[in-house]
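# Summary of structural features
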Amino acid sequence: MIKRALGIDVGGTGVKGAPVNLRSGELAQERLRLLTPQPATPSAVAETVFELIRRFGWSEQDGPIGIGLPSVVKQGATHTAGNIDPSWIGCDAAALFKDCTGFPVTLLNDADAAGLAEMRFGAGRDLPGLVVVVTLGTGIGTALFYNGQLIPNAELGHLVIRDKDAERRAALSARERYEWSWKKWAGHVSEYLGELHRLLWCDAFIIGGGASNKFDKFAAYLECPAPVRPAQMANLAGLVGAALATLPPVKAKARP
Ligand code: BGC
C-alpha cells in the first residue's frame, strides 16, 4: 500500500502542493504555493510543477504524484481549459509533464480531486447515494459520486440556465464581479442547485471551493430540495484529492 503521495492543485492564480499521508489525508509537510505562470500554458505550468517537486526534494521512491487541473482529463489528455490557457485543449498533458519533470504523474479534474478528498476525509464521508460536490470559486467545478464512487469529468458548472452559463451567475467570482449581496448571490446558487436537483435527483450537495469558508454568510439564504453541507477541507481538498487519485481505483461494492 502506498503511504504518501505528492498532491498538486493547479488553479488560475496559484499552484499548490504538499506531500499527503494517504491513510489520514493529513499533510506530511507544510503546503507550498507558487504563482500560476501567465499565460498558463501546459509547458509553463509543467515548469512550475517541476519547481514544486524540486522544493520538496521529491523522488520517485517517496511516492507517486497526482495533479488536479481545471480541465476535463481522459487518459492523461486534457480536453477543456477553464481559466487556463486554451492550448491545454487536446494536449497530451501526462506525456508533457513526464518530459518536463521526469516523473510519471496522475492527472485529473480539479473538482473531481476536491470531491475525492471530501468523500474520503471530509463532509461526504458518510454520504451514500448521489452526491454532487460543487466547488464555487472563479468558476464552478462539479464532482459526481454514486455510493462513494466518482463519475469523472462532470462539467455541470456549464449548465445553461436562463440563457447563461451557470458559472456566470453562481460562481463566487460572479458575486464579486456584480457586487451582489450574499443574499442575492445565494438566490443564484439556489437556482443552480435546484436545476441540478431537477435533472439528477441528488441525495446531497457539498459546497466547496472558495465559498466553503464563507458558508456561514449565505447558508441561511439557500433554498434547496436536497441537504446542502459545506466542504470541510477548505483549500486543501484539491491537493489531498490529487494525491488520493494516485491510488489504484477502488471497486464499487455490489449492492443487492
Ligand atoms: C472548468 C472545470 C473546473 C472548474 C473549477 C470550470 O470552468 O470547466 O473543469 O473543474 O472550472 O476550476
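The structure reproduced in this document is the subject of the present report. (Residues numbered from 1 in each chain as written. Predicted model: local features only at pLDDT ≥ 70, side-chain atom pairs only at ≥ 80, totals over all residues. Heavy atoms only, no water.)

## Quick notes on the site of the ligand
Formally: One heavy atom within 4 Å of a molecule or strand makes the whole residue count as near it. Only the protein chains shown count as cover for residues, and the accessible areas themselves come from Shrake-Rupley with a 1.4 Å probe. Numbering of helices and strands starts at the N terminus; helices are DSSP runs of H or I of at least 4 residues and strands are runs of E of at least 2. Amino acids are sorted into nonpolar (Ala, Val, Leu, Ile, Met, Phe, Trp, Tyr, Cys and Pro), charged (Asp, Glu, Lys and Arg) and polar (every other residue, Gly among them). Note that the domain bounds were set by an automatic or database domain assignment.
In the neighbourhood of the ligand, the contacting residues comprise Pro-70, Ser-71, Gly-82, Asn-109, Asp-110, Ala-111, Ile-140, Gly-141, Glu-155, His-158 and Glu-167. Coverage of the ligand by the protein amounts to 90% of the 310 Å² it exposes when considered alone. Contributions of two or more residues to the shell around the ligand are made by α3 (110-121) and β9 (140-146). Looking at the shell around the ligand residue by residue, the class counts come to 3 nonpolar, 5 polar and 3 charged. In this structure, the shell around the ligand is formed jointly by two domains, domain 1 (4-112 + 239-244) and domain 2 (125-232), each of which donates at least three residues.

## Considerations on the pairing of strand β2 (residues 14-21)
Look at any regular strand and the pattern is simple: side chains alternate between the two faces of the sheet. Rules: Type-normalised accessible area, obtained with a 1.4 Å probe on protein chains alone, sets the label of each residue: buried when under 20%, exposed when over 50%, and partly exposed for intermediate values. The criterion for strand pairing is that DSSP finds at least two bridges linking the strands in question.
Counting buried residues in β2 gives 7 out of 8 residues, a clear majority hidden from the surface. One ladder, built from 7 bridges, connects strand β1 (residues 4-10) with β2; its direction is antiparallel. Each residue of the ladder has a partner; that of Asp-9, found in β2, is Lys-16. Once β1 ends, the chain turns through 3 residues before running back antiparallel as β2.

## Digging into the sheet that holds β2
Selection criterion: Only the stretch in contact is used when fitting a helix axis, every axis being a line fitted to C-alpha atoms; angles between N-to-C directions are given from 0 to 180 degrees.
Spatially, 5 strands are ordered β3-β2-β1-β4-β7 in an open sheet, and the strand pairing comes out mixed. Of all strands in the sheet, those bounded by a partner on one side alone are β3 (32-35) and β7 (105-109). Averaged over all adjacent pairs, the angle separating strand axes in this sheet is 20°, with direction ignored. Two elements, β2 and β3, share 4 bridges in a ladder whose sense is antiparallel. Of the residues in β3, the one forming a bridge with Lys-16 is Arg-33.

## Let's talk about unusual backbone geometry
Leaving glycine aside, a negative phi is the common case for residues, and trans is the common case for peptide bonds. Cis geometry marks the peptide bond from Gln-38 to Pro-39; its omega dihedral reads -5°. Relative to the helices and strands, Pro-39 resides in the loop between β3 and α1 (42-55). Of note, the phi angle at Asn-83 is positive, near 60°, even though the residue is not glycine. Summarising the element assignment, Asn-83 is placed in the loop between β6 (77-78) and α2 (93-101). Look at Asn-153: it is not a glycine, yet its phi comes out positive at around 65°. Within the secondary structure layout, Asn-153 lies in the loop between β10 (149-151) and β11 (160-161).

## Focus on the sheet that holds β10
With mixed pairing, 5 strands are arranged side by side in an open sheet as β10-β9-β8-β13-β14. The open sheet has two edge strands, β10 and β14 (228-230), and neither has a second partner. When strand polarity is set aside, the average angle formed by the axes of neighbouring strands in this sheet is 30°. Relative to strand β13 (residues 204-208), strand β8 (residues 130-136) runs parallel, the two being bridged by 5 bridges.

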